[in-house]
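Given next are the chains, with one letter for each unit.
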Amino acid sequence: MEEASRKELFPVLAKLMKFSDGPCKVKIFIASRGGQRDVKVAMSKEGWSKMGLEKGDTGGDIRKYVETQTEQVIESGELLDGDVSEELQREVVERLVSGAEGMFLWVRYQIGNLCEQETEHDLYEALKNLPSGIEETYTLLLSKINSQSPSRRRLAERVLKWMLCSTRPLTPRELVEAVAIDPTTDQVGLDPKKMAKGVEAIVDVCGNLISYDEQLGTLRFVHFTVKEFLEKRFVGAQEAQGGVAEE
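What you see is a predicted model; the values in this text were computed from it and never measured. (Residues numbered from 1 in each chain as written. Predicted model: local features only at pLDDT ≥ 70, side-chain atom pairs only at ≥ 80, totals over all residues. Heavy atoms only, no water.)

Q: Honestly, the layout of surface pockets in this entry has me stumped. Any pointers?
A: Rolling a probe over the atoms, with the probe sized like a water molecule, indicates the empty space that remains. Space inside the second largest pocket adds up to approximately 440 Å³. Forming the boundary of the second largest pocket are 19 residues, of which Glu-116, Leu-141, Lys-144, Gly-207 and Asn-208 lie nearest the centre. The set of elements that each furnish at least two residues to the lining of the second largest pocket consists of α5 (104-114), α7 (133-146) and α10 (199-205). Looking at the lining of the second largest pocket, its residues break down into 7 nonpolar, 7 polar and 5 charged. (1 Å grid on protein atoms, 1.4 Å probe; cavity = no way out; pocket = protein on both sides within 12 Å on 5 of 7 lines; lining within 4 Å. Points joined across faces, edges and corners; volume = space filled by probe spheres on them. Helix = DSSP H or I, 4+ residues; strand = E, 2+ residues; numbered from the N terminus. Nonpolar A, V, L, I, M, F, W, Y, C, P; charged D, E, K, R; others polar.)

The structure is reproduced here in structure tokens:
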């Protein structure tokens, strides 16, 4: 949630908490990153209890997640068609646990990349060259997006620009129609021939940086750090807004 939205939210939460003094008990759980000063100030002002969670605190959960996910891709045949020795499986687990730094999303992306390796040799090489941290992972994903065909690369860029600048999550139809607009022509209305073939196509060309929320019926970045990364490293907020404004 953006800082401006949080400023509006905290007074509402404070009012809700006042109901706890009466017969109706209200319990609210708030999760945030440690560096968000406005969250700390608001919680201290209201006297709300708080606790911190460090990277090391998730070590056991990370290992369990890695072990479970590794077993699943082996059993499903996604990793080397399931032909993985116990020694190699242990190597995969230890390398992923070591590099995760508390990030479940980092693990998810690495397992996806490992499943793309064709031989045991390739898998070992990939394990030796795991990206350091989530930003380096995003850089590699962005490189894959840019290495696609010109058509897929253009679609991905337009999708990401629209999602960066949208003030709310977009539905698949809204996004499909938005990226179909061609600012270089004088054509009025949408050309069906220029529209992407559904939500699956949009998610696919964006290299798993975005996902479709079936419950809400909207598309979103898989993690808030994706948006932060794209704002800094891909098109930048001003460039994205300029591109969308043209459309």
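Q: I'm lost on the packing of aromatic side chains in this one. Help?
A: The geometry of an aromatic ring pair is captured by two quantities: the separation of the ring centres and the angle between the planes. Taken as a whole, this structure holds 3 aromatic pairs when the rule is applied. Taken together, a centroid distance of 6.2 Å and an interplanar angle of 80° make the contact between Tyr-109 and Tyr-138 edge-to-face. In this pair, Tyr-109 sits in helix α5 while Tyr-138 sits in helix α7, placing the two residues 29 residues apart along the sequence. The two residues Tyr-109 and Tyr-138 agree in class, both being buried. Taken together, a centroid distance of 5.4 Å and an interplanar angle of 50° make the contact between Tyr-138 and Phe-229 tilted. (Phe/Tyr/Trp six-rings, centres within 6.5 Å; stacked < 30°, edge-to-face > 60°. Buried < 20%, exposed > 50% of the residue type's maximum accessible area, 1.4 Å probe, protein only.)

Q: What am I meant to see in the environment of Gly-207 here?
A: In this fold, Gly-207 is placed in the loop between α10 and β1 (210-213). For the pair Gly-207 and Ile-145, spaced 62 residues apart in sequence, the C-alpha separation works out to 6.2 Å. What Gly-207 contacts, discounting residues up to four positions off in sequence, is Leu-141 and Ile-145. (Contact = heavy atoms within 4.5 Å.)

Q: Would you explain helix α9 (residues 172-180) in this entry?
A: Each α-helix winds once per 3.6 residues, and so residues spaced three or four apart point in a common direction. Taken together, the buried positions of α9 are Pro-172, Leu-175, Val-176, Ala-178, Val-179 and Ala-180. Residues of α9 that are buried in the fold lie against α8 (150-165), α10, β1 and β2 (218-221).

Q: Looking at this model, I keep getting lost on unusual backbone geometry. Mind explaining?
A: The general pattern is negative phi for most residues beyond glycine and trans for most peptide bonds. Look at Asp-81: it is not a glycine, yet its phi comes out positive at around 55°. Relative to the assigned elements, Asp-81 resides in the loop between α3 (59-75) and α4 (86-100). With a phi angle near 50°, Glu-101 is a residue other than glycine that sits in the positive phi range. Following the sequence through the fold, Glu-101 ends up in the loop between α4 and α5.

Q: So what exactly am I meant to see when it comes to the pattern of salt bridges here?
A: It is possible for side chains of opposite charge to pair when their charged atoms get near one another. In total, this model carries 10 salt bridges according to the counting rule given. Between Lys-232 and Glu-135 there is a salt bridge, with the nearest N and O atoms lying 2.9 Å from each other. Pair noted here: Lys-232 is in helix α11 (residues 224-233) and Glu-135 is in helix α7, with a separation of 97 residues, a long-range link. The partly exposed category is assigned to Glu-135, whose relative accessible area is 34%. (Salt bridge = Lys/Arg side-chain N within 4 Å of Asp/Glu carboxyl O.)

Read these as layout, nothing more, since geometry by itself doesn't imply function.
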